[in-house]
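Descriptive analysis of the structure
The primary structure of each chain is shown beneath.
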Amino acid sequence: MGKMLYLATALMIIAAGLAGYFIGSSRAVVMYQQYSVTVATTTSLYQIGVLNDLFDDFNRFTGLNVRFNVLAKGSGEALRLLADGSACLGFVHAPSLELQYLNQGRIERLATFAYNDFIVVGPSNDPANISSAPNVIEAFKRIYNAGEVGLAKFVSRGDMSGTNVRELQIWNLTKLNPEGRAWYLKSGQGMAQTLIMADDLNAYTLTDRGTYLNLVNQGRVKNLVVLKEDPLYLVNVYSMYLSKAGSCDNPYTWYIAYKFRDYLMDRGQDLLSAKYKGLVNPVKGNETWIEEAWEALTKLG
């Protein structure tokens, strides 16, 4: 029996497990018990506040009482946690890494639900002159050359997050290797901490637009400006995954996963549009383009 068919036939069992029933003389009252699921997510969605808003609204809308235990990591670590069953749901933005785990049969892609873009930010005086570069590949070449003569610094996350993977893909396209250069620094931390470090050092960095705008609005990043955008190489696509590990292979987890997926692609799209558009955009209305972008990004290497 396929998973979806099994899921359908298990709904009555799940309902009994998720809810307690009080039978009165004239009516039945359903009191949902709390069920927990561990979630691995890219730090950007967590730091902006998107996931917490979606989880809270999901519980209010469905009447369920699910506790989402969130592990905020880079996408590489989030995918590893999904693959070994340390987390059952995942929200990531590293298509080339995602494809590796998909091909291994360790995760299932439930939805591509949101997008924004990566941007290169840096000091307003732009010592590497990347603002006039025709694309992000040329911009990275200019940063490398400026770094070699002591005019520029670059802060990398260095954590195999989705952002770091995209950065490394771009360096690979330049055919230049910044590893070990004095001007090439690694934060080993999340996007917010990396941006703050770059801000302190007047350095360049690659960031998702949402985290950058969020920190600017909070006054935590003051010296960095947007210097390079590139719709071809810097589109940033967020997807939702379900772990296929044995620890997640049960009807309770499946029910929550598919129920949340359905919410995310309907009401959740409206929440993203109303509250986060420009930071994290819903895919609604752009589904075909975003899916094509995801496919293209899996081939970026």
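Residues numbered from 1 in each chain as written. Predicted model: local features only at pLDDT ≥ 70, side-chain atom pairs only at ≥ 80, totals over all residues. Heavy atoms only, no water.

The next subject is the overall build of the protein. Across its full length, the protein holds 13 helices and 12 strands. Long-range contacts, defined here as pairs at least 24 residues apart, represent 76% of the contacts in the protein between residues at least 6 apart. Carbon and sulfur atoms form 50% of the exposed surface of the protein, whose accessible area is close to 13,200 Å². (Helix = DSSP H or I, 4+ residues; strand = E, 2+ residues; numbered from the N terminus. Contact = heavy atoms within 4.5 Å. Areas by Shrake-Rupley, 256 points an atom, 1.4 Å probe, with all protein chains shown as cover.)

According to the stated counting rule, one finds 15 salt bridges in the structure shown. Salt-bridge contacts for Asp-57 lead to Arg-267; the nearest nitrogen and oxygen are separated by 2.7 Å. Of the two residues, Asp-57 is situated in helix H4 (residues 50-62) and Arg-267 in helix H12 (residues 267-275); the sequence distance between them amounts to 210 residues. Given the relative accessible area of 6%, Asp-57 is considered buried. (Salt bridge = Lys/Arg side-chain N within 4 Å of Asp/Glu carboxyl O. Buried < 20%, exposed > 50% of the residue type's maximum accessible area, 1.4 Å probe, protein only.)

Right, let's talk about the nonpolar core for a bit. Counting 36 residues, the largest nonpolar core has Phe-68, Leu-89, Phe-91, Phe-113, Phe-260 and Val-280 as its most contacted members. If one sorts the elements of this core by residue count, helix H11 (residues 251-264) sits on top with eight residues. The residues touching Phe-113, leaving out its near neighbours within four places in the chain, are Leu-45, Phe-91, Tyr-238, Ser-239, Met-240, Leu-264, Met-265, Gln-269, Leu-272, Asn-281, Pro-282 and Val-283. (Core = buried A, V, L, I, M, F, W, Y, C linked by side-chain atoms within 4.5 Å.)

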